[in-house]
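# Structural description and commentary
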Amino acid sequence: MTSEIMSGHSHWATTRRQKEVKDAKKGQIFTKLARNITMAAHHGGNPDDNPSLRLAIDKAREMSMPMDNIKRAIDRGTGTGEARLEEVNYEGYGPGGVAFLVKCVTDNKNRTVSEIRNIFSKSGGNMGEAGSAAYVFGGDPENPQFTIPVDEETYAKVEKLADNLEDNDDVQVVYTNVE
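One structure accompanies this document, and this report is about it. (Residues numbered from 1 in each chain as written. Predicted model: local features only at pLDDT ≥ 70, side-chain atom pairs only at ≥ 80, totals over all residues. Heavy atoms only, no water.)

All right, on to the overall build of the chain then. Helices and strands together make up the secondary structure of the chain, namely 6 helices and 4 strands. Each helix (α) and strand (β) of the chain, taken in turn from the N terminus, gives the series α-α-α-β-β-α-β-α-α-β. For the chain, the C-alpha radius of gyration of 20 Å lies well beyond 16 Å, the compact-globule estimate for 179 residues. C-alpha atoms of the chain, sized along the principal axes, occupy 65 × 50 × 25 Å. In the chain, buried positions account for 36% of the 179 residues. For the chain, the share of sequence-separated contacts (at least 6 apart) that also reach a separation of at least 24 residues comes to 64%. Entry remark: accessible area of the chain is about 10,800 Å², with carbon and sulfur atoms responsible for 51%. A gap of 6 Å separates the mean positions of the 22 positive and 28 negative side-chain charges of the chain. (Helix = DSSP H or I, 4+ residues; strand = E, 2+ residues; numbered from the N terminus. Rg over C-alpha atoms; globule rule 2.2 N^0.38 Å. Buried < 20%, exposed > 50% of the residue type's maximum accessible area, 1.4 Å probe, protein only. Contact = heavy atoms within 4.5 Å. Areas by Shrake-Rupley, 256 points an atom, 1.4 Å probe, with all protein chains shown as cover. Lys, Arg positive; Asp, Glu negative; His and termini not counted. Charge placed at Lys NZ, Arg CZ, Asp CG, Glu CD.)

Structure follows, in structure tokens:
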């Protein structure tokens, strides 16, 4: 009988931990979606007149984001809510000389730059000055003008750096030129 009670407790503990991880991921997704909505709302708070806002709201609804969260994000973007958010880009180089372009949305640039710099340094990379890596991506970040071939070990390090950057709440998208 003791083993049944213990296994039941263990099962509950496992279920609780899994739920906590799932809830944390969902919260992180909601944060990024809310920032997208806020930035789109800078150009007007009416989704009928603002296609980028309409798209951001549609993505949020697909992820089951509550309407009151969406409304708060729109209010922030139109200036009727709390702190204003800014778009900011950071650049750097990771293992193997791979270029990174990190697009962020933040309410505190000082905090964000410090966090991004810390992620780069802990992952074997270096954050660069403005323009140090942006030229690699030209006018369209999704398509680097050239790629860097790396071995499997370096690729794993680059992938870990990209994952660590994407885990930051302020980071919206990370681009690299790894092959």
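Now that the structure has been shown, we can carry on.
Residues Tyr90, Phe100, Val102, Ile116, Phe120 and Leu165 are the most contacted members of the largest nonpolar core, which totals 19 residues. Contact partners of Leu165, with chain neighbours within four places excluded, come to Phe100, Val102, Ile116, Ile119, Phe120, Val171 and Val174. Ranked by size, the runner-up nonpolar core spans 14 residues in total, among them Ile37, Ala40, Leu53 and Ala56. (Core = buried A, V, L, I, M, F, W, Y, C linked by side-chain atoms within 4.5 Å.)

Moving on to the pairing of strand S2 (residues 99–106). Here S2 lies mainly inside the structure; 7 of its 8 residues are buried. Sheet topology places strand S1 (residues 86–93) next to S2; 8 bridges connect them, and they run antiparallel. Within the sheet, the bridge partner assigned to Gly92 lies in S2 and is Phe100. The turn joining S1 and S2, which pair antiparallel and follow one another in sequence, is formed by 5 residues; a positive phi near 75° is taken by Gly96. Where S2 and strand S4 (residues 171–176) come together, 5 bridges link them in antiparallel fashion. In the sheet register, Phe100 faces S4, and the bridge partner there is Thr176. (Pairing = 2+ DSSP bridges.)

Let's shift gears to the sheet that holds S4. Spatially, S3-S1-S2-S4 is the arrangement adopted by the 4 strands of the open sheet, whose pairing is antiparallel. The open sheet has two free edges, formed respectively by strand S3 (126–128) and S4, since each of these has just one partner strand. Direction aside, the axes of adjacent strands within the sheet are offset by 30° on average. (Axes fitted to C-alpha atoms, helices over the stretch in contact; angles between N-to-C directions.)

Roughly 450 Å³ of internal volume is contained in the largest pocket. For the largest pocket, the lining is made up of 17 residues, of which Asn36, Met39, Ser52, Lys59 and Glu87 are closest to its centre. (1 Å grid on protein atoms, 1.4 Å probe; cavity = no way out; pocket = protein on both sides within 12 Å on 5 of 7 lines; lining within 4 Å. Points joined across faces, edges and corners; volume = space filled by probe spheres on them.)

A word on the pattern of salt bridges. Evaluated as defined, the whole model comprises 9 salt bridges. Two residues, Arg35 and Asp170, come together in a salt bridge whose shortest N-O distance is 2.0 Å. Note that Arg35 is positioned in helix H1 (residues 2–41) and Asp170 in the loop between helix H6 (152–166) and S4, a separation of 135 residues in sequence. Grouping residues by exposure puts Arg35 and Asp170 together as buried. Through salt bridges that share partners, Arg35, Asp107, Arg111, Glu115 and Asp170 make up one connected network. (Salt bridge = Lys/Arg side-chain N within 4 Å of Asp/Glu carboxyl O.)

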